[in-house]
Amino acid sequence: MTDPEVAGPTTGARALPFAAFCAVLATEVDPVFATAPPPTSRLWLDLGLDELALCRLHLAVEDLNPHFRLPDQADADLMTIGDIHHYYATMEAEHVGGARS
């Protein structure tokens, strides 16, 4: 896992900034993201996302970048929105030219 304070604002070459990333998630996953929660917010424990919402989150991020994958050691109970954004931004930088136009 990464340091969420660092992971939140980090972006790749074409990655959405954290607030814009949360705006997409608010539309596609859950309105809880509309206020751009702090990057340290844990998906399960702090934001209250259930398993279905976590699946929708993964699909929404894959729509932004089809190369998006969470590391095998990712723990859904401890994963933060900053971690998700960091993984997305890193993979966006590695695979420039995600699904966005």
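Report follows, based on the coordinates. (Residues numbered from 1 in each chain as written. Predicted model: local features only at pLDDT ≥ 70, side-chain atom pairs only at ≥ 80, totals over all residues. Heavy atoms only, no water.)

Concerning the overall build of the protein
Within the protein, the secondary structure is distributed over four helices and zero strands. Element order for the protein, N to C, with α for helix and β for strand: α-α-α-α. Out of the 101 residues belonging to the protein, those deemed buried represent 41%. The long-range fraction of contacts in the protein, counting pairs at least 24 apart against all pairs at least 6 apart in sequence, stands at 67%. Carbon and sulfur atoms provide 56% of the accessible area of the protein, an area that totals close to 5,200 Å². (Helix = DSSP H or I, 4+ residues; strand = E, 2+ residues; numbered from the N terminus. Buried < 20%, exposed > 50% of the residue type's maximum accessible area, 1.4 Å probe, protein only. Contact = heavy atoms within 4.5 Å. Areas by Shrake-Rupley, 256 points an atom, 1.4 Å probe, with all protein chains shown as cover.)

Digging into the pattern of salt bridges
Tallied over the entire structure, the rule returns one salt bridge. Close ionic contact of Asp-46 with Arg-42 constitutes a salt bridge, the shortest N to O distance being 3.0 Å. A relative accessible area of 41% places Asp-46 in the partly exposed class. (Salt bridge = Lys/Arg side-chain N within 4 Å of Asp/Glu carboxyl O.)

So, the nonpolar core
In terms of nonpolar packing, the biggest core is built from 26 residues, with Phe-21, Leu-25, Phe-33, Leu-43, Leu-57, Ile-81 and Ile-84 touching the most fellow members. Breaking this core down by element, the ones donating at least two residues are α2 (18-28), α3 (51-64) and α4 (81-94). (Core = buried A, V, L, I, M, F, W, Y, C linked by side-chain atoms within 4.5 Å.)

Overview of α3
Look at α3: 20 Å from first C-alpha to last across 14 residues, which is about the 20 Å you get at 1.5 Å a residue. Within α3, burial applies to Ala-53, Leu-54, Leu-57, Ala-60, Val-61 and Leu-64. Seen along its axis, α3 keeps its buried residues to an arc of 120°; they face one direction. Turned more than 90 degrees off the buried face of α3, the exposed positions are Glu-51, Leu-52, Leu-59 and Asp-63. (Expected span 1.5 Å × (residues − 1). Arc of directions from axis to C-beta.)

All quantities given are derived from atomic positions and should not be read as evidence of function.
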